[in-house]
Amino acid sequence: PCGGAEEALRLDPNSAEAHSSLARCAQNVNDAATTRRELDEAVRLLPNDAYLILNAAVTQWGMGWNDEAVVNFKRATELEPREAKTFYSYGVLLKEMDREAEARAALDHALELAPESVYFRLQRASAEIAWSGDTKRARAILAKLPAGQDPDGRVTSAYCTLALYERNFPEALRLLQAYPGETLPWIDSGGFGAQDTKIFNEAIIRLYAGDFARAYQCFDAERWKAEVAVR
């Protein structure tokens with residue numbers, strides 16, 4: 001792809017898309033100077049292209065240039081006010097930067113545009129816990145999820161997380177045992193953790209509940225995975 005971007009620029013030095021692609025290539029090898037130069041040129045050439053501005057914001061975010069990313073995310077939402085994913089990404093970045101009021105507005109607007117998005121709703125519920133610690137508010141957000149939607153067990157994991165925060169360990173175990181799949185995200189991750197087995201997740205619940213003997217039994221049943229990794 002990088003060679004294609006360079007060839008495109010040779011043929012047309014004013015191709016904003018090629019400059020944008022070259023910036024992403026430079027980002028991949030952590031070449032900050034080239035990334036910045038190519039992004040600036042792409043935005044200069046097409047300052048009103050929502051997709052290109054969004055790409056610039058995502059690249060800047062990836063480089064840790066968060067203040068610059070915020071400017072371009074905001075610009076992208078103005079240029080394309082019906083694109084839910086732009087508001088979602090904008091809100092997640094603002095949350096990372098502890099700009100709660102703006103993050104709330106962006107994430108809420110993403111949900112207004114895409115009310116059935118499982119991932120947007122999980123993120124919003126997780127954010128509510130981070131901001132207010134109010135599990136009832138988080139439950140109200142999750143309650144609007146489409147019935148039967150539980151991709152990769154993420155919804156089950158989110159509800160288990162709320163049960164743990166409420167110290168309702170029997171409910172967390174009930175939810176885990178009722179889940180029909182074999183793996184799901186860690187049940188204290190709000191639905192965003194690494195996938196692991198039900199027995200491993202039971203161990204986590206048992207630890208929180210203080211049932212250390214059963215927790216260790218569960219972990220011991222999973223010991224073989226660590227042994228395979230070591231070998």
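What comes next is a walk through the structure. (Residues numbered from 1 in each chain as written. Predicted model: local features only at pLDDT ≥ 70, side-chain atom pairs only at ≥ 80, totals over all residues. Heavy atoms only, no water.)

Running from N to C, helix α9 (residues 135-142) and helix α10 (residues 154-165) point in directions that differ by 165°, and their axes come no closer than 10 Å. In terms of their interaxial angle, α9 and α10 are classed as roughly antiparallel. As α9 runs across α10, the sense of the crossing is left-handed. Only A158, Y159, L162, A163 and Y165 of α10 make contact with α9, whose side of the interface consists of T135, A138, R139 and L142. When the residues that make up the contact of α9 with α10 are grouped by side-chain class, the tally is seven nonpolar, one polar and one charged. (Axes fitted to C-alpha atoms, helices over the stretch in contact; angles between N-to-C directions. Helix = DSSP H or I, 4+ residues; strand = E, 2+ residues; numbered from the N terminus. Parallel < 35°, antiparallel > 145°, perpendicular 65-115°, else oblique. Left-handed = near helix turned anticlockwise from the far one by under 90°. Contact = heavy atoms within 4.5 Å. Nonpolar A, V, L, I, M, F, W, Y, C, P; charged D, E, K, R; others polar.)

A grouping of L207, F212 and Y216 is seen on the molecular surface, where their side chains present a nonpolar patch of about 310 Å² in accessible area. Within the secondary structure, Y216 sits in helix α13 (residues 212-221). Exposure remark for Y216: the relative accessible area of 53% places this residue in the exposed category. (Patch = residues over 30% accessible without salt bridge, like charges linked within 9 Å, V, L, I, M, F, W, Y side chains within 5 Å. Areas by Shrake-Rupley, 256 points an atom, 1.4 Å probe, with all protein chains shown as cover. Salt bridge = Lys/Arg side-chain N within 4 Å of Asp/Glu carboxyl O. Buried < 20%, exposed > 50% of the residue type's maximum accessible area, 1.4 Å probe, protein only.)

Here we come to unusual backbone geometry. Even without a glycine there, the phi angle at D152 is positive, about 60°. In this structure, R167 takes a positive phi of about 60° despite not being glycine. By the element assignment, R167 lies in the loop between α10 and α11 (169-178).

With that settled, the discussion passes to α11. All of the buried residues along α11 are F169, A172, L173, L175 and L176. Projected onto a plane normal to the axis of α11, the buried residues spread over an arc of 160° and lie on a single side. In α11, those exposed residues whose orientation departs by more than 90 degrees from the buried face are P170, Q177 and A178. (Arc of directions from axis to C-beta.)

Core analysis: the biggest nonpolar cluster contains 26 residues, and F73, Y88, Y90, L94, L107 and F120 have the highest contact counts within it. For this core, the secondary-structure elements that each account for two or more residues are α4 (50-63), α5 (66-79), α6 (84-96), α7 (100-113) and α8 (118-132). In terms of residues, this core owes the most to one element, α6, which gives seven residues. In contact with L94, not counting residues within four places along its chain, are V70, R99, E102, A103 and A106. (Core = buried A, V, L, I, M, F, W, Y, C linked by side-chain atoms within 4.5 Å.)

Right, let's talk about the pattern of salt bridges for a bit. All told, the structure shown has 20 salt bridges when counted by the stated rule. Among the ionic pairs, E78 bridges to R75, the shortest N-O distance being 4.0 Å. Taken as a pair, E78 and R75 lie in helix α5 at a separation of three residues, close to a single helical turn. E78 gets classed as partly exposed once you look at its relative accessible area, which sits at 46%.

What follows covers the environment of L113. Structurally, the position occupied by L113 is in helix α7. Between the C-alpha atom of L113 and that of K85, which follows or precedes it by 28 residues, the distance is 9.1 Å. The residues contacting L113, other than those within four sequence positions of it, are P81, R82, E83, A84 and F87.

With their axes 8 Å apart at the nearest point, α6 and α7 run at an angle of 155° to one another. With respect to α7, the axis of α6 lies roughly antiparallel. Of the two elements, α6 crosses α7, and the hand of that crossing is left-handed. On α7, the residues that touch A84, F87, Y88, Y90, G91, V92, L94 and K95 of α6 are E102, A103, A106, L107, H109, A110 and L113. In terms of residue class, the contact of α6 with α7 is made up of 11 nonpolar, two polar and two charged.

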